[in-house]
Amino acid sequence: VEVDAMAANGSSQRIDVTLVEGPLSISTIATSVADVDGDCGAHLLFFGTTRGTTHLTGAQKGSTQSTQSLTYEAYRPMAVAELQRIAEAACQRWTLTRVMLWHAIGPVEVGQASVAVFASSAHRAAVMEGVPWIMDEIKRSVPIWKQELAPDGSTQWIHR
Amino acid sequence: MIAVELFAQPRSIVGHEQLMIDVSLPQTAAEILRAIGRAVPELLPLLPSCRLAVNERYVAETTVVNLSDTIALIPPVSGG
């Protein structure tokens with residue numbers, strides 16, 4: 001995994017946010033989080049991958065849409081700053097002792113990982129509540145966009 | 001003239017990473033958004049859901065933007 005030069009280390013050693021060129025390596029991330037804090041009893045690693053089939057909702061309910069790959073673009077300095085803000089807020093709100101965030105930039109094929117979140121805490125409730133909140137915030141505010149490539153070769157920016 | 005950083009669909013529509021618009025600063029973020037719409041009418045359908053970032057932070061529409069600021073048009077994000 002090539003780590004982007006824009007990666008920022010937080011003011012606290014508990015936080016690390018990274019933009020990665022291309023898909024995330026799940027095995028590399030799993031290795032990097034294996035050295036856990038001995039005072040923490042709960043650790044949660046979430047990763048999101050490109051899905052090949054989307055079941056549509058609303059007026060198009062019942063039909064599906066196929067995806068060949070996604071390409072991510074970021075406003076890099078602001079994306080790093082927003083990831084850092086989210087990680088710091090999560091640490092305070094849920095007493096997390098460690099938060100690590102990764103997001104892929106560039107093409108990510110079906111089945112490959114585009115986003116990963118790792119959190120540690122003394123007890124499981126904090127990580128199991130904090131990680132979903134972190135993902136919701138990433139999807140709400142981090143200036144990263146996906147462009148979808150369909151099997152017919154057409155592309156579409158996703159803005160929703 | 002001021003430069004506005006563009007990303008994703010707005011960048012595709014304009015065809016450049018920056019849009020130069022004719023606005024005298026200081027000016028509010030809301031007025032800059034209106035000026036973007038006047039400069040590129042093709043962006044008008046997307047603008048109501050866009051936010052403006054100044055110096056890499058989201059700002060309210062009433063925020064005053066100055067000459068030394070970095071301005072970016074942020075369409076609805078879709079990371080994850």
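Before any of the text, the structure's been laid out above.
Notes on the structure follow.

1. Thoughts on the overall build of chain B
Working step 1: In terms of regular secondary structure, chain B is built from two helices and seven strands.
Working step 2: Scaling as 2.2 N^0.38, a compact globule of 80 residues should have a C-alpha radius of gyration of about 12 Å, and chain B matches this with 12 Å.
Working step 3: If one aligns the C-alpha atoms of chain B with their principal axes, the spans along those axes are about 30 × 25 × 20 Å.
Working step 4: For chain B, the proportion of contacts with a sequence separation of at least 24, taken over those separated by at least 6, is 45%.
Working step 5: The positive charge centre, built from 5 side chains, and the negative charge centre, built from 8, are 6 Å apart in chain B.

2. A short note on the interface of chain A and chain B
Working step 1: Each partner contributes to the interface: chain A provides 23 residues, whereas chain B provides 21 residues.
Working step 2: Of the roughly 1,800 Å² buried at the junction of chain A and chain B (both faces included), carbon and sulfur atoms supply 56%.
Working step 3: Applying the counting criterion to the chain A and chain B interface returns one salt bridge.
Working step 4: Counting only elements with at least two residues in the side of chain A that touches chain B, the list comes to strand 7 (69-74), helix 2 (76-94), strand 9 (113-121), helix 3 (124-141), strand 10 (144-149) and strand 11 (155-158) of chain A.
Working step 5: Considering every element that reaches the side of chain A that touches chain B, the biggest residue donor is helix 3 of chain A, with four residues.

3. Looking at the nonpolar core
Residues and elements named next belong to chain A.
Working step 1: Judged by nonpolar contacts, the single largest core of 42 residues is most densely connected at Leu96, Trp102, Ile134 and Ile138.
Working step 2: Secondary structure elements with two or more residues in this core: strand 3 (15-21), strand 7, helix 2, strand 8 (98-109), strand 9 and helix 3.
Working step 3: Among the elements that line this core, the one with the most residues is helix 2, at eight residues.
Working step 4: The contact partners of isoleucine 134, leaving out residues within four places of it in the chain, are Ile86, Ala90, Leu96, Val99, Leu101 and Val117.

4. Looking at the packing of aromatic side chains
Each pair of aromatic rings is reported with the distance of its centres and the angle of its planes.
Working step 1: Within the structure shown, the criterion is met by three aromatic pairs over all chains.
Working step 2: Relative to A:Trp133, the ring of A:Trp94 has its centre 5.4 Å away and its plane inclined at 55°; by these criteria the two rings are tilted. Of the two residues, A:Trp94 is situated in helix 2 and A:Trp133 in helix 3; the sequence distance between them amounts to 39 residues. The two residues A:Trp94 and A:Trp133 agree in class, both being buried.
Working step 3: An aromatic cluster is present here, built from A:Tyr75, A:Trp145 and B:Phe7 joined pairwise through their rings.
Working step 4: The ring of B:Tyr58 has B:Arg51 sitting right over it, with the charged end atom 4.0 Å from the ring centre.

The rules behind each value
- Residues numbered from 1 in each chain as written.
- Chains lettered and ligands numbered in written order.
- Predicted model: local features only at pLDDT ≥ 70, side-chain atom pairs only at ≥ 80, totals over all residues.
- Heavy atoms only, no water.
- Helix = DSSP H or I, 4+ residues; strand = E, 2+ residues; numbered from the N terminus.
- Rg over C-alpha atoms; globule rule 2.2 N^0.38 Å.
- Contact = heavy atoms within 4.5 Å.
- Lys, Arg positive; Asp, Glu negative; His and termini not counted.
- Charge placed at Lys NZ, Arg CZ, Asp CG, Glu CD.
- Buried area = accessible area lost by both parts, 1.4 Å probe.
- Salt bridge = Lys/Arg side-chain N within 4 Å of Asp/Glu carboxyl O.
- Core = buried A, V, L, I, M, F, W, Y, C linked by side-chain atoms within 4.5 Å.
- Buried < 20%, exposed > 50% of the residue type's maximum accessible area, 1.4 Å probe, protein only.
- Phe/Tyr/Trp six-rings, centres within 6.5 Å; stacked < 30°, edge-to-face > 60°.
- Lys NZ or Arg CZ within 6 Å of the ring centre and 35° of its normal.

Function-wise, these values are silent; they only describe arrangement.
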